[in-house]
Amino acid sequence: MSEYNFREVEQKWQAYWKENKTFKTKERSDKPKYYVLDMFPYPSGAGLHVGHPLGYIATDIVARYKRLKGFNVLHPMGFDSFGLPAEQYAIKTGQHPALTTDANIKRFKEQLNVLGFSYDWDKEIRTSDPSYYKWTQWIFLQLFNSYFDEEKKKARPISELPIPEGFTKEERRQYIDDRRLAYQDEIAVNWCPALGTVLANEEVIGGVSERGGFPVIRKPMKQWMMRITAYADRLLDELADVDWPESIKLSQKNWIGKSLGAEIIFKTAEGSGEIKVFSTRPDTIFGATYVVLSPEHPLVDSITTVDQKEAIEAYKEEAAKKSDLERQELDKSKTGVFTGGYVINPMTGEKIPAWISDYVLISYGTGAIMAVPAHDERDFEFATKFGLPIRQVVSEDGSEKPNIEAATPGHGTIINSGDRYNGLHSKEFIKIVIDQMEADGTGKGAINYKLRDWVFTRQRYWGEPIPVIHTEDGEVKGIPESELPLVLPEVDSYQPAEDGSSPLARNEEWVKTTDPETGKPAMRETNTMPQWAGSCWYYLRYLQPDNDKRLGDQEAIKYWSPVDLYVGGAEHAVLHLLYARFWHKVLFDLGHVSHREPFQKLVNQGMIQGTSSFVYRVKDTNTFVSYGLKGNYDVTPIHVDVNLVDKDILDIEAFKNSSPEYRDASFELEHGKYVCGAEVEKMSKSKLNVVSPDHIVSKYGADTMRMYEMFLGPLEQNKPWNTNGIDGVFKFIRKFWRLFHDGETFSISGEAPTAAEMKILHKTIKKTQDDIERLSLNTSVSGFMITVNELSSLKCNKRAILEPLTILVSPFAPHLSEELWSLLGHSTSISEASMPTHDEQYLKEDAFEYPVMINGKMRTKMTFAADAPNGDIENEVLAAEVVMKWTEGKKPKKVIIVPKKIVNIVV
RNA sequence: GCGGAUGUGGCGAAAUUGGUAGACGCACUAGACUUAGGAUCUAGCGCCGCGAGGCAUGGGGGUUCGAGUCCCUCCAUCCGCACCA
């Protein structure tokens, strides 16, 4: 071949790898292990776009590199195959989600294989496969059958839970159920009517659903919950043990939202009840001039007086109707209603009014606050609006403001807080006031978290059935392990019922069962698990996907854990990555895994954005005007498929044929062409800007695609997709091929390399290794280009240079490298070769330039020969000679080359 | 509002510890070889200037012999979180 034929070569080697199971992971090995993992994809109907492979290419390079470095590498791939889109498609078409999911996976795998990834497909997993979700259900039962030991700070089997004496059977059961890590609770959940399901807090973003952006309302429902709050401290503290991006750690810290403060009791004025509030500033309690309850607070009804009842009821109703989005609108002013009731400030003994307002959230703290308008902006706004008293109790500069115009939340000297406390510093007073309240029984130090327990049920079909039964007398039991997996039943429709019950309830025969312990009739749970369940632990299943006895052997888990490198998107910061850590810690406590954290090093690959193209339709017409002319009309920009656009010029005929709507459209052109507008946006089907890798691969080959995606920029960075530079990478591939060829024939010389050639090689070895180790894969590709340019200009075709170079390039361009490797006369895959090591002696520069200091004063820079002193006082003569010019004939007494490349010469 | 990230030629970007800023690639210009080339090779390519030289890493200031890199401050863009008591 005179030219590199990537089509032929890539097919050949992909077939070879498949046939020989080249990348099969060895279960047992004396080699050190390396576990490199991608966040597995949800197999959507749209197939892969060019953004998907970015992280996959990076991990594949690392996996191939680590193999060459002598590691036993686990590099698996699988599919997060339960999920909403397949179900919504099923609702629309009546087709079973399993069918569409299978078809999508098939397409994904084809697309992945074309890129030449070195996966061990024998370890593939699918979360919707019963042999997989058997163990998801098994983990659920572990959580169900465990409680959190507050003293030991760890999960323990529920059978070891100490139970107080003297309980009735019913009380005893209640006591146990209240402590399970997976438990049921009637709570106000995030209900999304459009999706027909509840959502976890983490799935609600700014009051709308993460998927689809539909409004979410609060609705009380009985739900399965996961007691993730028990692990709040460990999830927070143990972040210190992992090598993760600071931004992700911070997101998790903020989400957990630990704050230190006090819980303070305000007794109602008539003495019948008490309202607990949480405050991070108990030192301002003397400034608490009223309290505010959330409209949903359970004490609202009892504290409300008869004449305020009507107003309170109206406000409560209004609040209940609002969606979270409406409640969170910030620019609106505060609203609220006086309950008519009063409470007693425990420190001042004053009678202060109790209000309700929706700016107090039932879901945070105790659902009630003490308002200190002088030192809290929200309270200040509320107090000003409703004419409530404002009392300054902390002074930052020691003086008291006569007219308070704004809240000052800072620390300073305590004032207006009684003779006993005035003059103290507010920070010091926090401790004192907590001690005082503890002594009085009116409050205590408290820690509060933003983190809520995880709402674990979804009213959906396409998810894991929850393996519990409800008995006739209201008891909830896990099903016996021997009955797992509890297989998802067939149903006549995938539509959730309007009352919020799951589609599983439609199969009444399946729902009816018997309690295996008593033989009495029982009902199955009809809700399913959220999509996160399967992805919470999949990294463990790759170790032994076929093990039907256990989740995985202890030995295998111990050998492979933790995941050494985990690459995926940052969008999972508080979803998958938090849930997975939580489950992992529970499994750790129960002795099923050997490490506290699942993922040692995490890297977030950036998003590859799409460049959307727009056409401009004149309002109420079917006329489209070119980009430069749109200013003259009132136009609506419309997304146009980027595949109909080449360098901003629209293919008008193709556009007309793309939809009947456009068939008769007319166009106003510039210079005979229709110019489209462009904008960088997230790549998505709806924006018509999706570029599939298939097209690139067929034009340039997989190796070029792989290297080009890396060459595009730093892995972590977001970047828009373009193919502007792809020719440069394609040229590299062909140039590299030509180094091995003399015209048509493969031609390699056995001649010994020159020093210059050796230098080029060893520089490349060092650079490649350093770059891959720190995941700077873009500079690594650049390094190869430099090397090939240099060797081309030397016309170097020597085996001693090209053979190690082929190994270096192989993680990036595996197909090309395999072909060259076999042409070089090797009969096994290049992946079984060893990474060459560099030799320092070839890396020395011929000359180097150091700044020179004379008598401690910086003068200039000087060039030294490569063998010039690089340590202490040796080789004075050489350095002295150089220095003579600068010291005007004076002879230097001492030449010192200090670290940091500064030469100091004392004359 | 709070927090984080980023800011370098016409473009994507390098610069690993404070030490020749712009490697490498794209685009562009000129040339060579070609019947031809979307192939290949050679040279040029930050800005100002004929030149010597001067100016340049978002703006301003500082530390240092020396700053893209460290510190302060302002600006812009992107991404999180957002009435969290």
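Going along each chain's sequence as written, the residues are numbered from 1 onward. Note on labels: chains are lettered from A, ligands numbered from 1, in written order. With the structure being a predicted model, the display of local features is reserved for residues of pLDDT at least 70 and the display and counting of side-chain atom pairs for 80 or more, all residues being used for whole-chain, interface and lining totals. Only hydrogens and water are set aside when side-chain values are computed; all heavy atoms of the structure are taken into account.

A.B. asks: I keep staring at the pattern of salt bridges and nothing clicks. Help me out?
C.D. replies: Two side chains of opposite charge can pair, provided their charged atoms sit close to one another. Salt bridge criterion: a side-chain nitrogen from Lys or Arg within 4 Å of a carboxyl oxygen from Asp or Glu. What the rule picks out here adds up to 46 salt bridges. A salt bridge links K21 to D122, with the nearest nitrogen and oxygen atoms 3.1 Å apart. In this pair, K21 sits in the loop between helix 1 (6-20) and strand 1 (33-38) while D122 sits in the loop between helix 4 (97-114) and helix 5 (130-144), placing the two residues 101 residues apart along the sequence. Only protein chains enter the accessibility calculation, which uses a 1.4 Å probe; a residue is then buried when its area is under 20% of its type maximum, exposed when over 50%, and partly exposed in between. Overall, K21 belongs to the partly exposed group, its relative accessible area being 46%. Judged by its relative accessible area of 34%, D122 is partly exposed. Each helix is a run of DSSP H or I of at least 4 residues and each strand a run of E of at least 2, with the numbering of both proceeding from the N terminus.

A.B. asks: What is the right way to look at the sheet that holds strand 1 in this model?
C.D. replies: Hydrogen bonds between backbone atoms are what pair the strands of a sheet, whose relative direction is either parallel or antiparallel. In spatial order, the strands read 2-1-24-25; together these four strands make up an open sheet with parallel pairing. Bordering the open sheet on either side are strand 2 (72-74) and strand 25 (599-604), each of which pairs with just one other strand. Across the sheet, the mean angle separating the axes of adjacent strands is 20° when strand polarity is ignored. Bridging between strand 24 (residues 563-568) and strand 25 involves five bridges; their strand directions are parallel. Counterpart to L565 in the pairing with strand 25 is K601. What makes two residues a contact is simply this: any of their non-hydrogen atoms within 4.5 Å. To obtain an axis, a line is fitted to C-alpha atoms, over the contacting stretch when the element is a helix, and the angle between two such axes runs from 0 to 180 degrees between their N-to-C directions. The strands touched by helix 18 (residues 576-589) are strand 24 and strand 25; relative to strand 25, the strand with the most contacts, the crossing angle is about 175°. We call two strands paired when DSSP finds no fewer than two bridges between them.

A.B. asks: Can you walk me through the packing of helix 22 (residues 726-739) against helix 24 (residues 777-794) in this structure?
C.D. replies: A pair of packed helices can be characterised by two numbers: the angle between their axes and the separation between those axes. Their axes nearest at 10 Å, the elements helix 22 and helix 24 cross at an angle of 45°. In terms of their interaxial angle, helix 22 and helix 24 are classed as oblique. Between helix 22 and helix 24 lies a crossing of left-handed hand. Contacts from G728, V729, F732, K735, F736 and L739 in helix 22 reach F784, M785, V788, N789, L791 and S792 in helix 24. Under the convention adopted here, Pro, Cys and the residues Ala, Val, Leu, Ile, Met, Phe, Trp and Tyr are nonpolar, Asp, Glu, Lys and Arg are charged, and Gly plus all remaining residues are polar. Of the residues belonging to the contact of helix 22 with helix 24, the class tally is eight nonpolar, three polar and one charged. An angle below 35 degrees is read as roughly parallel, one above 145 as roughly antiparallel, one from 65 to 115 as roughly perpendicular, and any other as oblique. With the far helix as reference, a near helix turned anticlockwise by less than a right angle produces a left-handed crossing, and one turned clockwise produces a right-handed crossing.

A.B. asks: I tried to follow the environment of T304 on my own but got confused; where do I start?
C.D. replies: With respect to the element layout, T304 can be found in the loop between helix 9 (300-303) and helix 10 (309-321). Taking the C-alpha atoms as reference points, T304 and G340, 36 residues apart in sequence, are found 5.6 Å from one another. If we skip the residues at most four places from it in the chain, T304 touches K309, I312 and T339. Polar contact criterion, stated in full: a pair of N or O atoms within 3.5 Å, where within protein one must be able to donate a hydrogen and the other to accept it, and residues adjacent in sequence count only if both atoms are side-chain atoms. Separated by 2.6 Å, the side chain of T304 and the backbone oxygen of V300 make a polar contact.

A.B. asks: I'm lost on the sheet that holds strand 23 (residues 521-524) in this one. Help?
C.D. replies: Pairing is antiparallel in the open sheet, where four strands are placed in the order 21-20-23-22. The outermost strands of the open sheet, each flanked by one partner alone, are strand 21 (476-478) and strand 22 (512-514). For this sheet the average axis-to-axis angle between neighbouring strands, irrespective of direction, equals 40°. When strand 22 meets strand 23, the two strands line up antiparallel, connected through three bridges. Residue pairing for strand 23: K512 is matched across the bridge by M523.

A.B. asks: Would you mind going over unusual backbone geometry with me for this structure?
C.D. replies: What you tend to see is this: most non-glycine residues have negative phi, and most peptide bonds are trans. In this chain, L484 is followed by P485 through a cis amide linkage whose omega measures 0°. Position of P485 relative to the elements: it lies in the loop between strand 21 and helix 14 (508-511). Cis geometry is found at the peptide bond from S561 to P562, where omega equals -10°. Positioned with a positive phi, L688 is a non-glycine residue whose angle comes to about 55°. Summarising the element assignment, L688 is placed in the loop between strand 32 (677-681) and helix 20 (693-700). Backbone geometry places K795, a non-glycine residue, at a positive phi of 55°.

A.B. asks: Would you take a moment to explain the environment of K450 for this structure?
C.D. replies: Summarising the element assignment, K450 is placed in the loop between strand 18 (443-448) and strand 19 (454-455). Sequence separation between K450 and W255 is 195 residues; the distance between their C-alpha atoms is 6.5 Å. For K450, the contacting residues outside a window of four places in its chain are N254, W255, I256, G257 and Y364. From its side chain, K450 meets the backbone oxygen of N254 in a polar contact 3.4 Å long.

A.B. asks: Please explain the pairing of strand 5 (residues 182-192) as it appears in this structure.
C.D. replies: On a regular strand, each side chain points to the face opposite its neighbour's, so the side chains alternate between the two faces of the sheet. Of the pairings in the sheet, the one linking strand 5 to strand 9 (residues 217-226) comprises ten bridges and is antiparallel in character. Its bridge partner lying in strand 9, W191 is registered against I217. Where strand 5 meets strand 6 (residues 197-199), three bridges bridge the pair, whose relative direction is antiparallel. Its bridge partner being in strand 6, C192 is matched across the sheet by T197. The antiparallel pairing of strand 5 with strand 6 creates a hairpin that spans four residues between the two strands, and G196 there sits at a positive phi of about 65°.

A.B. asks: Is there a simple way to think about the confidence of the model for chain A in this case?
C.D. replies: Detail in the predicted coordinates should be disregarded across regions flagged by low pLDDT. Per-residue confidence from the predictor is given as pLDDT, running between 0 and 100. When pLDDT is averaged across chain A, the result is 87; 92% of the residues are at 70 or more. In the predicted complex, the global pTM is 0.90; the interface-specific ipTM is 0.93.

A.B. asks: What is the right way to look at the packing of helix 21 (residues 702-711) against helix 24 in this model?
C.D. replies: Put simply, helix 21 and helix 24 touch, their axes get as near as 7 Å, and they point 120° apart. Relative to helix 24, helix 21 is oriented oblique. Contacts from M707, M710 and F711 of helix 21 reach helix 24 at L777, N778, V781, S782, F784 and M785. The residue makeup of the contact of helix 21 with helix 24, split by class, is seven nonpolar, two polar and no charged.

A.B. asks: Whenever I open this one, the nonpolar core confuses me. Can you help?
C.D. replies: Burial of nonpolar side chains together is a common tendency in soluble globular proteins. Each nonpolar core is a collection of buried residues, namely Ala, Val, Leu, Ile, Met, Phe, Trp, Tyr and Cys, held together in the definition by side-chain atoms within 4.5 Å. Within the largest apolar cluster, 168 residues are counted, with the highest numbers of intra-cluster contacts made by F140, W454, Y538, F582 and W583. Core analysis: the second largest hydrophobic core is formed by 33 residues, I285, V291, A368 and I414 among them.

A.B. asks: Would you take a moment to explain the packing of aromatic side chains for this structure?
C.D. replies: By convention here, two paired aromatic rings are described through the distance between centres and the angle between planes. Each Phe, Tyr or Trp ring, with Trp reduced to its six-membered ring, pairs with another whose centre is within 6.5 Å; inter-plane angles below 30 degrees give stacked pairs, above 60 give edge-to-face pairs, and intermediate values give tilted ones. For the structure shown, the criterion picks out 58 aromatic pairs. Their ring planes at 20° and their centres at 6.5 Å tell us that F740 and F746 sit as a pair that is stacked. A cation over an aromatic ring shows up here: K351 above the ring of Y342, its NZ or CZ 4.8 Å from the ring centre. Seen from the ring of W510, R524 lies directly overhead, with NZ or CZ sitting 5.5 Å from the centre. Two limits define a charge over a ring: the Lys NZ or Arg CZ must be within 6 Å of the ring centre, and within 35 degrees of the ring normal.

A.B. asks: How do you make sense of helix 18 when you look at a structure like this?
C.D. replies: In an α-helix, one turn spans 3.6 residues; hence positions three or four apart end up facing the same way. Working rule for helices: expected span equals 1.5 Å times residues minus one. Spanning 14 residues, helix 18 covers 20 Å between terminal C-alpha atoms, matching the ideal 20 Å at 1.5 Å per step. Across the 14 residues that make up helix 18, a large majority, 13, are buried. In the segment just after helix 18, G591 is the residue with positive phi, at about 85°.

A.B. asks: Is there a simple way to explain helix 1 in this structure?
C.D. replies: Helix length check: helix 1 (15 residues) gives 21 Å between terminal C-alpha atoms against 21 Å at 1.5 Å per residue, within 8%. The set of residues buried in helix 1 consists of F6, V9, E10, W13, Q14 and W17. One face of helix 1 carries all of its buried residues, which in axial projection span an arc of 125°. Exposed and oriented more than 90 degrees from the buried face of helix 1 are R7, Q11, K18 and E19. Each element contacted by the buried residues of helix 1 is listed here: helix 2 (53-68), helix 4, helix 20, helix 21, helix 22 and helix 26 (814-823). A side-chain oxygen of the first residue of helix 1 lies 3.2 Å from the backbone nitrogen of R7; this N-cap is N5. Following helix 1 by one or two positions, K21 adopts a phi angle in the positive range, close to 45°. Directions from the helix axis toward the C-beta atoms define the arc.

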